[in-house]
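Residues per chain are reported as follows:
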Amino acid sequence: MFFHITLERNMQLHPRHFGRNLRENLIAKLMKDVEGTCSGRHGFVVAITGIENVGKGLIRDGTGFVTFPVKYRCVVFRPFKGQILEAVVTMVNKMGFFAEAGPVQIFVSNHLIPDDMEFQSGDMPNYTTSDGSVKIQKDSEVRLKLIGTRVDATEIFCIGTIKDDFLGVINDPTTA
Amino acid sequence: MTIVSDSPVHSSSSDDFASFLDAELATSTSDSSADEEGDEEENLESKRVKRRKVEVLEILEEVQDSTARVETSKEEAICAHPGSFGGMCIICGQRVAEEAGVAIAYIHKGLRLDSPELVRLRNADMKNKLNQKKLHLILDLDHTLLNSTMLFHMTSEEDYLKSNADSLQDIQNGSLFMLEHMRMMTKLRPYVRQFLKEANEMFEMHIYTMGDKPYAREMAKLLDPGDQYFNDRIISRDDGTQKHQKGLDVVLAEESAVLILDDTENAWTKHRENLILMERYHFFASSCQQFGFRCKSLSLLKSDESDTDGALASVLRVLKRVHSMYFDEDPRDAPSNRDVREFLKSVRKEILQGCRIVFSRVFPTSFPPESHQLWKMAEQLGATCLVEVDLSVTHVVANDPNTEKSRWATNETKYLVHPQWIEATYYLWQRQVEDKYPVNQSKSQ
Ligand SMILES: [Mg+2]
Ligand SMILES: [Zn+2]
């Protein structure tokens with residue numbers, strides 16, 4: 001799920017950045033440091049949308065570095081267990097398939113693919129129903145349910161399932 | 001990363017988020033430091049486990065009167081955790097020990113499978129392969145399918161190659177490539193295109209190299225520009241479970257259905273019977289030098305291996321034989337009893353069937369002859385190796401025409417051949433014409 005939230009961070013700035021462009025430098029560094037990273041609590045920081053407040057700087061003894069508390073607003077993405085998610089299939093093999101939803105990597109094992117879908121190898125590996133009506137292959141769009149999530153410093157891993165009602169292929173690239 | 005305009009922003013207030021999080025995580029610790037997430041989830045996990053234990057106890061009490069309930073609850077409670085992705089079970093999503101099972105990193109980072117699951121997948125694959133009439137083929141890169149050199153290792157005499165490199169826009173029709181971003185040149189072995197095309201009909205193919213991942217992917221692009229052959233089956237040195245070794249433990253295929261092409265026998269100590277040892281393809285001067293050859297490289301001779309009679313063409317014929325033995329001959333034999341290793345052995349044994357070989361001063365005197373590479377090669381080729389000459393002997397192998405046994409061979413009109421006759425026969429899978437491997441005075445030094 002996406003959320004638009006306010007977060008706070010203590011930014012350390014080297015004295016060479018002080019001067020007229022102090023605020024710009026601070027924001028540029030904040031974007032570089034934060035966008036694209038993950039935290040276990042908030043998920044993946046997609047983009048910073050604004051600065052709410054830059055607090056008073058605190059000079060650190062000895063180094064001359066200054067620490068500013070910065071409050072900023074950002075869009076974050078965090079998957080939850082039980083969440084239904086739409087994702088794009090990136091890889092299909094005999095173990096199951098991998099799918100991606102933005103920064104989230106989801107694995108759907110063949111244990112959690114309906115039993116009537118069978119693996120077909122070849123140059124475009126896929127899972128297909130016996131009547132051939134439903135096919136999952138690279139670039140298919142699928143709706144899946146997350147049964148496990150884990151947020152690391154840089155990546156989000158999820159376990160998904162399509163073995164339930166209303167889950168599975170929502171868009172087949174071959175018929176598009 | 002940008003947000004699409006219609007992305008579902010469910011909440012516009014951080015308070016909503018906080019309350020959602022609190023509900024989700026069900027526990028609240030003092031502040032919002034991100035580091036504590038792990039602990040929180042673990043707490044949650046242990047709670048779940050406790051709850052489940054309680055459920056199991058309840059089930060045990062109810063076992064007499066309600067079997068239906070037991071069935072459903074059991075399913076939920078007992079999961080063998082057959083594998084993990086990102087440290088979570090691939091079936092139930094629970095956190096599991098990070099080091100359990102075998103890492104299948106070449107398929108995806110963070111994916112691990114335990115051995116019962118590997119067995120299950122290999123069984124399922126075998127059924128699939130029998131239906132498709134396909135086996136598995138594992139291909140080494142360097143000196144087997146191609147030869148690469150760093151640009152700074154190239155001699156000035158090889159400079160002509162740089163201007164003769166083929167276009168990377170038309171990989172399918174080229175064989176010599178300049179990869180500037182990797183500071184390398186790569187030459188594909190003659191016949192490799194035809195080889196891959198035909199082998200793909202009979203085998204599911206894997207690349208397995210001691211090179212690193214970026215190199216493996218780059219070479220795969222040269223060998224398979226249409227992306228038809230290898231898919232995600234590209235294994236590099238970081239994906240193995242043992243240093244300096246290649247193993248079938250990370251390959252999702254039954255060992256009885258796998259053939260391996262490699263020029264390095266010692267990389268496959270556990271799977272020698274699956275191996276078709278390849279004669280090394282040295283195109284560049286640096287490659288010859290690396291292996292201690294003083295002869296001129298193909299690049300300096302402006303020459304190349306034969307297209308239609310070279311190593312890959314010979315091996316393709318062997319692959320076809322083994323494949324047809326596996327699928328076409330002896331239909332009484334159940335598929336589960338068939339083993340490519342046995343077929344490979346028997347094909348090899350036919351090659352020098354009936355030959356009786358004596359070696360003359362080929363091995364150091366202190367060396368036990370039966371453990372010498374040439375002796376073993378000859379036996380694998382079906383020949384009988386003897387220590388002393390008698391009239392049943394057909395070949396004397398020597399470096400020097402003037403040894404006692406060499407002269408005996410000449411007098412008795414037996415074949416007198418250079419040791420290379422055995423090597424060439426071994427690598428080309430065909431008894432070589434003896435006259436092409438004479439024992440000359442000049443060669444004895
Ligand atoms: Mg090699
Ligand atoms: Zn499990």
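Worth saying up front: this structure is predicted, and the values here are computed from it rather than measured.

Chemist: Residue-level account of the overall build of chain A, with values.
Modeler: The helix and strand tally for chain A stands at 1 helix and 14 strands. For chain A, whose C-alpha radius of gyration is 22 Å, the value lies well above the compact-globule estimate of 16 Å for 176 residues. In terms of its C-alpha atoms, chain A occupies a principal-axis envelope of roughly 70 × 30 × 30 Å. Relative to its full complement of 176 residues, chain A shows a buried share of 49%. Counting only contacts in chain A whose residues sit at least 6 apart along the sequence, the fraction spanning at least 24 positions is 60%. For chain A, the accessible surface area stands at approximately 8,300 Å², while carbon and sulfur atoms represent 49% of it.

Chemist: Any chance you could break down the UniProt feature "domain: BRCT" (unreviewed entry) in chain B for me, citing the residues and the numbers?
Modeler: Taking the numbering used here, the UniProt-annotated feature "domain: BRCT" (unreviewed entry) corresponds to residues 347–439 of chain B. When the span residues 347–439 of chain B is considered, its composition is 30% helix and 16% strand, and the gap between its end C-alpha atoms is 28 Å.

Chemist: Talk me through the side chain of B:Ser299; I want residue IDs and the actual numbers.
Modeler: With respect to the element layout, B:Ser299 can be found in helix 9 (residues 298–301). Reaching out from B:Ser299, the side chain makes a polar contact with the side chain of B:Ser297 at a distance of 2.8 Å.

Chemist: Before we move on, could you go through the nonpolar core and cite the residues and values that matter?
Modeler: Formed by 137 residues in total, the largest nonpolar core has its most connected members in A:Phe97, A:Leu144, B:Phe195 and B:Phe359. At 11 residues, helix 10 (residues 311–327) of chain B tops the list of elements feeding residues into this core. Every residue in contact with A:Leu144, bar those within four places of it in the chain, is listed here: A:Gln83, A:Ile84, A:Leu85, A:Ala87, A:Phe97, A:Ala99, A:Ile106, A:Val108, A:Thr161, A:Ile162 and A:Leu167. A:Phe3, A:Ile5, A:Leu13 and A:Phe68 belong to the second-largest nonpolar core, a separate cluster that totals 17 residues.

Chemist: Report on the UniProt feature "domain: RNA polymerase Rpb7-like N-terminal" (unreviewed entry) in chain A, specifying residues and quantitative values.
Modeler: Listed under "domain: RNA polymerase Rpb7-like N-terminal" (unreviewed entry) in the UniProt record, and renumbered for this structure, are residues 8–64 of chain A. This span, residues 8–64 of chain A, is 23% helix and 39% strand, and a straight line between its end C-alpha atoms measures 22 Å.

Calculation notes
Starting afresh in each chain, residues are numbered from 1 along the sequence in its written order. Here every chain gets a letter starting at A, and every ligand a number starting at 1, in the order they are written. Local features are withheld for residues below a pLDDT of 70 in this predicted model, meaning they are given only at 70 or higher, and side-chain atom pairs are given and counted only at 80 or more; totals for whole chains, interfaces and linings count all residues. Hydrogens and water molecules were not included; the side-chain quantities draw on all heavy atoms of the structure. In this description a helix means any DSSP run of H or I spanning at least four residues, a strand means any run of E spanning at least two, and both kinds are numbered starting from the N terminus. Both definitions apply: the radius of gyration is a C-alpha atom measure, and the globule rule equals 2.2 Å times residues to the power 0.38. Under the scheme applied here, a residue whose accessible area is under 20% of the maximum for its type counts as buried, over 50% as exposed, and between as partly exposed, the area being computed with a 1.4 Å probe on protein chains only. Should any heavy atoms of two residues lie within 4.5 Å, those residues are considered in contact. Surface accessibility in these figures is a Shrake-Rupley result with a 1.4 Å probe; residues are shielded only by whichever protein chains are displayed. UniProt positions are given in the numbering used here, feature names are shortened, and annotations may be inferred rather than shown by experiment. Throughout this description, a polar contact denotes any pair of N or O atoms lying within 3.5 Å of each other; where both atoms belong to protein, one of them has to be capable of donating a hydrogen while the other can accept it, and for residues adjacent in sequence the pair is counted only when both atoms sit in side chains. Think of a nonpolar core as a cluster: buried Ala, Val, Leu, Ile, Met, Phe, Trp, Tyr and Cys residues, connected wherever their side-chain atoms sit within 4.5 Å.

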